[in-house]
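Residue-level listing of the chains:
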Amino acid sequence: MSQRKRPAFTADERTQLVGWLDMQREIVRWKCEGVSETDAHRAVLPASPNMTMAGLLSHMRWTEQMWFEVMLLDAPAEGPQFDESDEDADMKVDGVPLTQLLDEYQRQCGRSNEIVAGLSLDDIGKNRKWPVGQASVRWVLLHMLEETARHLGHMDAIRELLDGGTGYY
């Protein structure tokens, strides 16, 4: 069962940033609860054939890896996010079970939180290949909060179109 909890009203900045991001991550998991394998991989937006529940989940997993590991720690830029021949490579997950994608997403989010716990909000990324690699930890957290919430909006619409499921919190 998901733990969708908002951070305390008077929590410090780090607790609020990580807390709001963690809540959005939990809502991602919640949006996937009860979705069949067929529906998880079914496109319902005509102009966006790769934007499925499974595709979005995979995209968010790889986005977590890119920002926290590659940009902040300068880990090797590996994975579908860096496939220059196919900008949607991270969303192409036909045949990958939703449970596997959820597990990978949860592990990556845990890794992201471990990275953030070891850094100051004012620390900047170590990656020098891309200008965004010099963003502060604070900036990355805010960006990931925006990125996750934006894709949750997509998941809201997709879920409603798939089976009528609605709800935010």
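Up top you'll find the structure we're talking about.
Residues numbered from 1 in each chain as written. Predicted model: local features only at pLDDT ≥ 70, side-chain atom pairs only at ≥ 80, totals over all residues. Heavy atoms only, no water.

**Q** An account of the overall build of the protein chain is needed here, citing residue identities and associated values.
**A** Along the backbone of the protein chain there are five helices and zero strands. Counting helices and strands in the order they occur from the N terminus, the protein chain gives α-α-α-α-α. Here the protein chain has a C-alpha radius of gyration of 16 Å; the compact-globule value for 169 residues is 15 Å, and the two agree. With the principal axes as the frame, the protein chain shows a C-alpha extent of 45 × 45 × 25 Å. A buried classification covers 44% of the 169 residues belonging to the protein chain. (Helix = DSSP H or I, 4+ residues; strand = E, 2+ residues; numbered from the N terminus. Rg over C-alpha atoms; globule rule 2.2 N^0.38 Å. Buried < 20%, exposed > 50% of the residue type's maximum accessible area, 1.4 Å probe, protein only.)

**Q** Describe the packing of helix H1 (residues 13-32) against helix H3 (residues 53-73), with residues and values.
**A** The geometry of a pair of packed helices is captured by two quantities: the angle between their axes and the separation between those axes. Relative to each other, H1 and H3 sit at 155 degrees, their axes nearing to 10 Å. Comparing their axes, H3 and H1 come out roughly antiparallel. When the axes of H1 and H3 are compared, the crossing they make is left-handed. Together, Leu21, Arg25, Val28, Lys31 and Cys32 of H1 and Met53, Leu57, Met60, Glu64 and Phe68 of H3 make up the contact between the two elements. (Axes fitted to C-alpha atoms, helices over the stretch in contact; angles between N-to-C directions. Parallel < 35°, antiparallel > 145°, perpendicular 65-115°, else oblique. Left-handed = near helix turned anticlockwise from the far one by under 90°. Contact = heavy atoms within 4.5 Å.)

**Q** Go over the environment of leucine 119, please, and point to the residues and values.
**A** Looking at the element boundaries, leucine 119 is found in the loop between helix H4 (98-117) and helix H5 (137-163). Given the relative accessible area of 19%, leucine 119 is considered buried. Each C-alpha atom, one on leucine 119 and one on arginine 138, is 10.0 Å from the other, the two residues being 19 residues apart in sequence. Once residues within four sequence positions are removed from consideration, leucine 119 is found in contact with Arg14, Leu72 and Val137.

**Q** Which residues make up the pattern of salt bridges, and what are the values?
**A** Counted by the stated rule, this structure contains 12 salt bridges. Ionic pairing is found between arginine 111 and glutamate 69, a salt bridge with its closest N-O pair at 4.0 Å. With arginine 111 in helix H4 and glutamate 69 in helix H3, this pair connects stretches of sequence that are 42 residues apart. Residue arginine 138 is joined to aspartate 122 by a salt bridge in which the shortest nitrogen-to-oxygen separation is 2.6 Å. You can see arginine 138 sitting in helix H5 and its partner aspartate 122 sitting in the loop between H4 and H5, a full 16 residues away along the chain. On the basis of relative accessible area, aspartate 122 is assigned to the exposed category, the value being 53%. Among the charged side chains, a salt-bridge network with shared partners connects Glu13, Asp122 and Arg138. (Salt bridge = Lys/Arg side-chain N within 4 Å of Asp/Glu carboxyl O.)

**Q** Before we move on, could you go through the packing of H3 against H5 and cite the residues and values that matter?
**A** Here H3 crosses H5 at 175 degrees, and the two axes come no closer than 10 Å. On the basis of the axis angle, H3 is roughly antiparallel to H5.

**Q** Could you give an account of the nonpolar core, naming the residues involved and the relevant values?
**A** Within the largest apolar cluster, 23 residues are counted, with the highest numbers of intra-cluster contacts made by Val28, Cys32, Met53, Leu56, Leu57, Leu98 and Met155. Put simply, the parts of the chain that give this core at least two residues each are H1, H3, H4 and H5. Beyond its immediate stretch of four places on either side in the chain, leucine 56 contacts Met51, Met91, His151, His154, Met155 and Ile158. Counting residues in each nonpolar core, the second largest holds 19 residues, with Trp67, Phe68, Val70 and Leu119 among its members. (Core = buried A, V, L, I, M, F, W, Y, C linked by side-chain atoms within 4.5 Å.)

**Q** Describe H5, and please don't skip the residues or the numbers.
**A** Structural remark: α-helix, 3.6 residues per turn; residues separated by three or four positions point the same way. For H5, which comprises 27 residues, the first-to-last C-alpha distance of 38 Å matches the rise-based estimate of 39 Å (1.5 Å per residue) to within 8%. Looking at the residues trailing H5, positive phi occurs at glycine 164, about 85 degrees. (Expected span 1.5 Å × (residues − 1).)

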